[in-house]
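Breakdown of the fold
These are the residues of each chain, in order.
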There are 6 protein chains.
Amino acid sequence: MTTPISHTRLGVVKRHIARADAAAVEQLGRFGSATVHEAMGRMGLMQPYMRPIHSAQVSGTAVTVLLHPGDNWMMHVAAEQLQPGDIVVAAITAPCSDGYFGDLLATSFMARGARALVIDAGVRDVRELGAMGFPVWSKAISAKGTIKATLGSVNIPVVCAGALVHPGDAIVADDDGVVVVPAADVERVRDAAAKREALEAEKRAKLAAGVLGLDMYNMRGPLEQAGLVYID
Amino acid sequence: MTTPISHTRLGVVKRHIARADAAAVEQLGRFGSATVHEAMGRMGLMQPYMRPIHSAQVSGTAVTVLLHPGDNWMMHVAAEQLQPGDIVVAAITAPCSDGYFGDLLATSFMARGARALVIDAGVRDVRELGAMGFPVWSKAISAKGTIKATLGSVNIPVVCAGALVHPGDAIVADDDGVVVVPAADVERVRDAAAKREALEAEKRAKLAAGVLGLDMYNMRGPLEQAGLVYID
Amino acid sequence: MTTPISHTRLGVVKRHIARADAAAVEQLGRFGSATVHEAMGRMGLMQPYMRPIHSAQVSGTAVTVLLHPGDNWMMHVAAEQLQPGDIVVAAITAPCSDGYFGDLLATSFMARGARALVIDAGVRDVRELGAMGFPVWSKAISAKGTIKATLGSVNIPVVCAGALVHPGDAIVADDDGVVVVPAADVERVRDAAAKREALEAEKRAKLAAGVLGLDMYNMRGPLEQAGLVYID
Amino acid sequence: MTTPISHTRLGVVKRHIARADAAAVEQLGRFGSATVHEAMGRMGLMQPYMRPIHSAQVSGTAVTVLLHPGDNWMMHVAAEQLQPGDIVVAAITAPCSDGYFGDLLATSFMARGARALVIDAGVRDVRELGAMGFPVWSKAISAKGTIKATLGSVNIPVVCAGALVHPGDAIVADDDGVVVVPAADVERVRDAAAKREALEAEKRAKLAAGVLGLDMYNMRGPLEQAGLVYID
Amino acid sequence: MTTPISHTRLGVVKRHIARADAAAVEQLGRFGSATVHEAMGRMGLMQPYMRPIHSAQVSGTAVTVLLHPGDNWMMHVAAEQLQPGDIVVAAITAPCSDGYFGDLLATSFMARGARALVIDAGVRDVRELGAMGFPVWSKAISAKGTIKATLGSVNIPVVCAGALVHPGDAIVADDDGVVVVPAADVERVRDAAAKREALEAEKRAKLAAGVLGLDMYNMRGPLEQAGLVYID
Amino acid sequence: MTTPISHTRLGVVKRHIARADAAAVEQLGRFGSATVHEAMGRMGLMQPYMRPIHSAQVSGTAVTVLLHPGDNWMMHVAAEQLQPGDIVVAAITAPCSDGYFGDLLATSFMARGARALVIDAGVRDVRELGAMGFPVWSKAISAKGTIKATLGSVNIPVVCAGALVHPGDAIVADDDGVVVVPAADVERVRDAAAKREALEAEKRAKLAAGVLGLDMYNMRGPLEQAGLVYID
């Protein structure tokens, strides 16, 4: 064929992806999604409808999968591409709340070393998943199963819950949400997050002692300049 | 009157209903909603917005009640029709999030032997309901009370959260959702669910040992035939 | 100035507000939102999408704050107006799910004696907030941070999640929702709630003993009069 | 086989259905959904999210079809079962907004004499459908196409947008929504609707002349008895 | 009675209200909701889910009505309080999409001189309402009728679609939404709107001639100062 | 600086972008979103909540802009980058329904030759925009204005309503929705769409003549093989 295979087409599995540095991803995960999101310049956050099925905090490298509504065939294709430390990021080509994932797939993903699933659709067996300790962030919980009929793709760039995810990007997820950090930015964002968190400890102590944010952040002048009026 | 009383009209209470076999319903309940839903041929599931107010897993026979928005009068009429092992399935004639049900009605339902409530509207006193151990699946939680002014019906066929429920049908509910099994199909579905679950145990062991679903389900051929391409 | 400063304009902070009686607010809080809402004549309830980030039950006096989408500047202005026993009620001028509030602001609010936050938007650091024991009712959870660029107001009347809140009003919040009691009505509503709850204990005992609501509430006559028909 | 074929299973097409009387359905359609819904005793209305893609008013007899998310295979099976005067009522086994229907299927349905489509999912080619004059009520509009991979059923009872529809039932749809009238009730409901409408003409004239509903409906007494207070 | 009648309770009709100046309200209406909303300081807008059932632009003085879910009894009580130039603003005590209003009530309201209805719920007979030329802004369209069983109030302050409305306030509504202007602010807001619109005409001409907003608003400096970087 | 400027950061404007071929984009636009979406392999469609404010059909090349909630500053920056034939694609960093765009900005965009706006937020002045003939696809309509305080970016890759858009990509939008075609794929997709449409004309004629899709697509065999059963 003269036409090269597009990496953004359906029916493609990319085997070799450049994963973000494992150590940096690990460190990034300790800060949590809110701090990382700020360190990113308030970018990269998935929509807030993405919720953990059980309270959890993880980080890992994205293996992406693009699925059709009501069809989880490519989940099994994705499983083979997993390496320890990966997080599966699943996008759907149209809104769908079906349960694409349950305890069997979780068993398989865990056996491959995966750390979590982030899916813009539904999952099921949520009690079992909690008992297994496999974290999941999803849009819905649904007992509705799926079929295996149509090709999607694995490890192409996907849009999951409003965020662009390239395979190998770092994912940081906790009870506040899910943030995507481009693989190339992981070290920079980690450093910015560390700096931010260091400052927060100091601020927290001051605020706990009764210092007002108004004074700590020197807001009184700007507020007055903006026209704020105090009345009795 | 020459016109016979319709069983689908408002203002009707049907006293004698054919309940699904109690033992079979009990057995069905152990499989959980996802397995039962699959055993049904992926039918009978209520919309995924139906959520348990506290984690729970139950099964029982449906006593149905049709209510008007903001009016829970018929809940008291339904109470009298309850037998041990029943689950009240409450449908509303228009979308409503009011709190139709709280700890008093739960006390009454429990005294009658009811096992749970499934309601396409809101409930309240959720902390007390948790302490009482009475499971509820609902669309909303709301402190908003209801009035007692308009007739609905008890034990007529109702549509609850998108699923058709006849009085006496089996209800299986857990953290994944709520499934309705027609009374006549309970034994067949139970057997299909048992078969399905037996197979799952074996699959789970294989997947845990690192066997891929691709191989266990013989998917490689069909995927290739469908045109799946692996690239580097 | 010939034009008096309007108390409902942006850019205004009202320093002295008439808070509902602390003891009465305390007593009110023990009844929970459902009973208080009924005692109010089924008025004053915020929309049921307002959910606690962790199970909690509190009451307090409202310090109100009006914010712009994506801008939490006025939260710091509100902090200075807090007194022990207050609950911050935050309204936004347009729908927004951003995380306006996290552990730092919670530290500051707690240092000022605030009991809770009720916000018609998102919050973050929810795990930390749980560990700190600071209760929050919100529309969303989101790691998305906010800026500090535009003036809102503090202690003006606001509409929060569909309910009108004047500064100083009593707020009662629990797992069932959030109710606003006008400061002037606190004693009356407390008494009505107490009377209601006293009756409930008695009813609960009867229902637990198997008495039907149909009989306890003398509903059989009205139901028959309304045309209810029993069939076999 | 000892097990009879269930009429509610997937993979079934029922060829002969008892359609509501054509003339009565025609007459019913002139009243519009609001009047018919009232004449039904405020039953049988689909959820209000069902909207016409273009302003229209029709009635007809239901040919039902049950489809899977993202799969419109059974639409073609349904086409063969259509007779002049039918309205296709399409339900989906799980929430889906895909475009199941466009100008080609509309051409086929029109050639068979169908009057409209009512679908609890999405449609596309809406401009062309308007030009063709084929009325559609749907949950969504979406260019997203569907596949043809999984069996559903035709002419089994379905739940569409919260309403139970048996094949052959009368459907009345206009800009206010979609109402289902059981085939056996069509004459009774038509008569009740006619009586209702006759009364409305008289009421309309009085109200236009400035008579108040308070007086026309004799509400002043009941309102006073209910405790209504007029203040200045 | 020692307890004075509260103006915010259920079961109250206030007969005499202070309406905003009719001429000023008329003038205000010509600017449309977006300009008025800006002139208000970006306050007073109802939630954007409030949509006109037919394209329209009106202004008028609010007669408020508070209703219960599924109950439109007070609409008739409100009709008697209407004067020419009024707009009925209807709030519901809990979320409801029922059709509270149709052509009969519209006939009555028009006979009383009302200009429009703004309702945080559903309406029906929308085709007839269009033919009658009676403008309506609502949350939903639904054929579902309502009952007449429970007291609400007329001409008390209400929260409608997130906005606080006092009886007599000015309402400005068009295809962009619904804005509430407190009666006391009508002249000031009208003047601010007029000034704003005068400036817009000039700006429009410049922009049409190809002048960039960047230059017209002198944004280049602030953007550079904020750190904006141009790259190739 | 040793760190290169990232093209995906906030505060960046890319001046030179590779636009898809104008003639091919023009041709693509004639097919409409549904056909183009199919020709893409059912990829690239924005979420179906994106709706035209007035019926329209256009195609053009994307100039992208990333904005913050409630802040439309970058719209003016984007205006300068517009060339005849462009369509502005506006993404927001968090869900927002504010009215970012009205008749003034439309005047400016039209003066620059822009063909349309696609925005994952709200717009206002919709009646004026209709009169001006400037097409807009949006998530909401809202009179709520925005501020100009925070930097976003222009001509970076953005996620708009769930679809990834690179500057220069082709946009095809009509009453069915909005599709994004990567610049590199425009010719291929145009050809596939043309082929698809050619086939559709033939199919349409057959279906209009009464041929069933069952026969035209040779579905009877596969349906039987899948187990479809016809009953009487």
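In this text, all values refer to a predicted model and were calculated from it rather than measured experimentally.

Describing the overall build of chain A
- Across its full length, chain A holds eight helices and twelve strands.
- Taken over the C-alpha atoms alone, chain A extends approximately 70 × 45 × 35 Å along its principal axes.
- Within chain A, buried positions represent 63% of all 232 residues.
- The positive charge centre, built from 22 side chains, and the negative charge centre, built from 24, are 4 Å apart in chain A.

Overview of the relation of the copies chain A and chain B
- Rotating chain A by 120° about the axis while translating it 0.0 Å along that axis superimposes it on chain B, leaving an RMSD of 0.0 Å. Expressed as a symmetry operation, the mapping of one chain copy onto the other fits a three-fold axis.

Observations concerning the relation of the copies chain C and chain E
- You can overlay chain C on chain E at an RMSD of 0.0 Å; the transform is a turn of 180° with a shift of 0.0 Å along its axis. Between the two chains, the operation in question is that of a two-fold axis. Considering only C-alpha atoms, the part of chain C nearest the rotation axis is Gly162 of chain C, at 2.6 Å.

Description of the interface of chain C and chain E
- Listed by partner, the interface residues are 18 residues for chain C and 18 residues for chain E.
- Carbon and sulfur atoms make up 64% of the surface buried where chain C meets chain E, a total of about 1400 Å² over both sides.
- For the chain C face of the interface with chain E, the top three residues by lost area are Arg42, Met43 and Val159 of chain C, together amounting to 30%.
- Along the contact surface separating chain C from chain E lie zero salt bridges.
- Across the chain C-chain E interface, the total number found is zero residue pairs in polar contact (both at pLDDT 80 or more).
- Its residues placed into classes, the side of chain C that touches chain E shows eight nonpolar, seven polar and three charged.

Examining the arrangement of the chains
- At the C-alpha level, the nearest point of chain C lies 13 Å from chain D, with no contact between them.
- There is a gap between chain A and chain E: no contact, and a shortest C-alpha distance of 13 Å.

Some words on the packing of aromatic side chains
- Counted under the stated rule, the structure contains twelve aromatic pairs over all chains.
- Through a chain of ring-to-ring contacts, three or more aromatic side chains come together here, namely Phe101, Phe109 and Phe134 of chain A.

Here's the deal with the confidence of the model for chain A
All names here are of chain A.
- Here chain A shows a mean pLDDT of 94. Residues at 70 or above account for 97%.
- Contacts from residues 1-7, a stretch scored under 50 in pLDDT, to residues over four places away or in other chains number eight contacts.
- Our summary of model confidence lists the complex with pTM equal to 0.95 and ipTM equal to 0.93.

A closer look at the pattern of salt bridges
- Enumeration according to the criterion identifies 81 salt bridges over all chains in this entry.
- Arg220 of chain F serves as the salt-bridge partner of Glu80 of chain D, at 2.8 Å between the closest nitrogen and oxygen. Taken as a pair, Glu80 of chain D in helix H3 (residues 73-80) and Arg220 of chain F in helix H8 (residues 220-225) lie in two separate chains rather than in one.
- Glu200 of chain F serves as the salt-bridge partner of Arg196 of chain F, at 4.0 Å between the closest nitrogen and oxygen. In this pair, Arg196 of chain F and Glu200 of chain F both sit in helix H6 (residues 186-208), four residues apart, roughly one turn of the helix.
- Salt bridges sharing partners connect three or more residues here, namely Glu38, Arg196, Glu200 and Arg204 of chain A together with Asp103 and Arg124 of chain C.

A look at the packing of helix H2 (residues 32-39) of chain C against helix H6 (residues 186-208) of chain C
Residue and element names in this part refer to chain C.
- Contact geometry of H2 with H6 gives a least axis separation of 8 Å together with a crossing angle of 110°. The angle between the axes of H2 and H6 places the two elements in the roughly perpendicular class. Pair H2 / H6 crosses with right-handed handedness. Judged by residue contacts, Thr35, Val36, Glu38 and Ala39 of H2 engage Val189, Ala192, Ala193, Arg196 and Glu197 from H6.
- Across the contact of H2 with H6, the residue classes tally to five nonpolar, one polar and three charged.

Comments concerning helix H2 (residues 32-39) of chain A
All names here are of chain A.
- Taking burial as the measure, the eight residues of H2 include eight buried ones, the bulk of the element.
- Those residues of H2 lying buried are Gly32, Ser33, Ala34, Thr35, Val36, His37, Glu38 and Ala39.
- Close packing links the buried residues of H2 with helix H1 (22-29), strand E10 (170-174), strand E11 (177-181) and helix H6 (186-208).
- Count one or two residues on from H2 and you reach Gly41, which has phi positive near 85°.

Side note on the interface of chain A and chain B
- With 36 residues of chain A at the interface, the matching set in chain B holds 36 residues.
- Across the chain A/chain B interface, buried area totals approximately 3200 Å², and carbon plus sulfur atoms make up 61% of it.
- Counting across the chain A and chain B interface gives five salt bridges.
- Counting every contact that joins chain A to chain B gives 15 residue pairs in polar contact (both at pLDDT 80 or more).
- Elements represented by at least two residues in the side of chain A that touches chain B include exactly strand E1 (12-14), helix H3 (73-80), helix H4 (103-111) and helix H5 (126-132) of chain A.
- Its residues placed into classes, the side of chain A that touches chain B shows 14 nonpolar, twelve polar and ten charged.

Focus: the pairing of strand E4 (residues 86-92) of chain A
Residues and elements named next belong to chain A.
- Counting buried positions along E4 yields seven of seven residues, so the element is predominantly enclosed.
- Burial along E4 is two-sided: the face carrying Asp86, Val88, Ala90 and Ile92 and the face carrying Ile87, Val89 and Ala91 are both buried.
- In this fold, the crossover linking strand E3 (residues 58-67) to E4 by way of H3 has right-handed handedness.
- With four bridges joining them, E4 and strand E5 (residues 116-123) adopt parallel strand pairing. Bridging across to E5, Ala90 finds its partner in Ile119.
- Following the chain from E4 across H4 to the adjacent parallel E5, one finds a crossover that is right-handed.

Details of the side chain of Glu200 of chain E
- Owing to a relative accessible area of 13%, Glu200 of chain E belongs among the buried residues under this scheme.
- Not counting chain neighbours up to four residues away, the residues in contact with Glu200 of chain E comprise Asp103 and Leu104 of chain F.

Describing the environment of Ile53 of chain B
All names here are of chain B.
- As for its position among the elements, Ile53 is in the loop between strand E2 (51-52) and strand E3 (58-67).
- Taking C-alpha positions, Ile53 is 7.3 Å from Pro135, a pair spaced 82 residues apart along the chain.
- With residues near it in sequence (within four places) discarded, Ile53 still touches Val123, Val126, Leu129, Val136, Ser138 and Ile141.

Some words on the side chain of Asp176 of chain C
- Structurally, the position occupied by Asp176 of chain C is in the loop between strand E10 (170-174) and strand E11 (177-181).
- We note that Asp176 of chain C is buried and unpaired, the nearest opposite charge coming from Arg51 of chain C at a distance of 5.8 Å.
- Engagement of the side chain of Asp176 of chain C in a polar contact is seen with the backbone nitrogen of Asp125 of chain B, the distance being 2.6 Å.
- Separated by 3.0 Å, the side chain of Asp176 of chain C and the backbone nitrogen of Val126 of chain B make a polar contact.

A short note on the packing of H3 of chain D against helix H4 (residues 103-111) of chain D
Residue and element names in this part refer to chain D.
- Packing of H3 against H4 leaves a shortest axis separation of 9 Å and a crossing angle of 15°. By the angle class used here, H3 and H4 are roughly parallel. Considering only the axes of H3 and H4, their crossing is left-handed. In this structure, H3 uses Met75, His76 and Ala79 to contact H4, whose residues at the interface are Leu105, Ser108 and Phe109.

What counts and how
- Each chain has its residues counted from 1, running along the sequence as written.
- Each chain gets a letter, beginning with A, and each ligand a number, beginning with 1, in the order they are written.
- pLDDT decides what is reported in this predicted model: residues at 70 or higher carry local features, side-chain atom pairs at 80 or more are listed and counted, and totals for whole chains, interfaces and linings draw on all residues regardless.
- Side-chain measures were taken over the full set of non-hydrogen atoms in the model, leaving aside hydrogen atoms and water.
- Helix and strand labels come from DSSP, where a helix needs a run of H or I of at least four residues and a strand needs a run of E of at least two; each type is numbered from the N terminus.
- Each residue gets one of three labels from its accessible area relative to the maximum for its type: buried under 20%, exposed over 50%, partly exposed in between, using a 1.4 Å probe on protein chains only.
- Charge assignment: positive for Lys and Arg, negative for Asp and Glu; neither His nor the chain ends contribute.
- Note on charges: their place is set at NZ of Lys, CZ of Arg, CG of Asp or CD of Glu.
- The least-squares superposition of copies is restricted to C-alpha atoms, and to residues with a pLDDT of at least 70 in both copies.
- Contacts are residue-level and defined by heavy atoms, with any inter-residue pair within 4.5 Å sufficient.
- As used here, buried area is the combined drop in accessible area, with a 1.4 Å probe, of two parts when they are placed together.
- A pairing counts as a salt bridge when a side-chain nitrogen of Lys or Arg comes within 4 Å of a carboxyl oxygen of Asp or Glu.
- Under the rule applied, a polar contact is a pair of N or O atoms within 3.5 Å (in protein, one hydrogen donor and one hydrogen acceptor; residues adjacent in sequence only if both atoms are side-chain atoms).
- Under the convention adopted here, Pro, Cys and the residues Ala, Val, Leu, Ile, Met, Phe, Trp and Tyr are nonpolar, Asp, Glu, Lys and Arg are charged, and Gly plus all remaining residues are polar.
- For this analysis, a ring pair means two rings from Phe, Tyr or Trp (six-membered ring only for Trp) whose centres lie within 6.5 Å, classed as stacked if their planes differ by under 30 degrees, edge-to-face if by over 60, and tilted for the remaining angles.
- What pLDDT conveys is the predictor's confidence in a given residue, as a value from 0 to 100.
- Geometry is summarised by axes, namely lines fitted to C-alpha atoms with helices restricted to the contacting stretch, and by angles between N-to-C directions that run from 0 to 180 degrees.
- Under this scheme an angle from 65 to 115 degrees is roughly perpendicular, one under 35 degrees roughly parallel, and one over 145 degrees roughly antiparallel; angles in between are oblique.
- Two helices that cross are described as forming a left-handed crossing if the nearer one is turned anticlockwise from the farther one by less than a right angle, and a right-handed crossing if clockwise.
- Every crossover in which the path from the first strand over the helix to the second runs clockwise, viewed with the strands pointing away from the viewer, is termed right-handed.
- At least two DSSP bridges between two strands are needed for those strands to be called paired.

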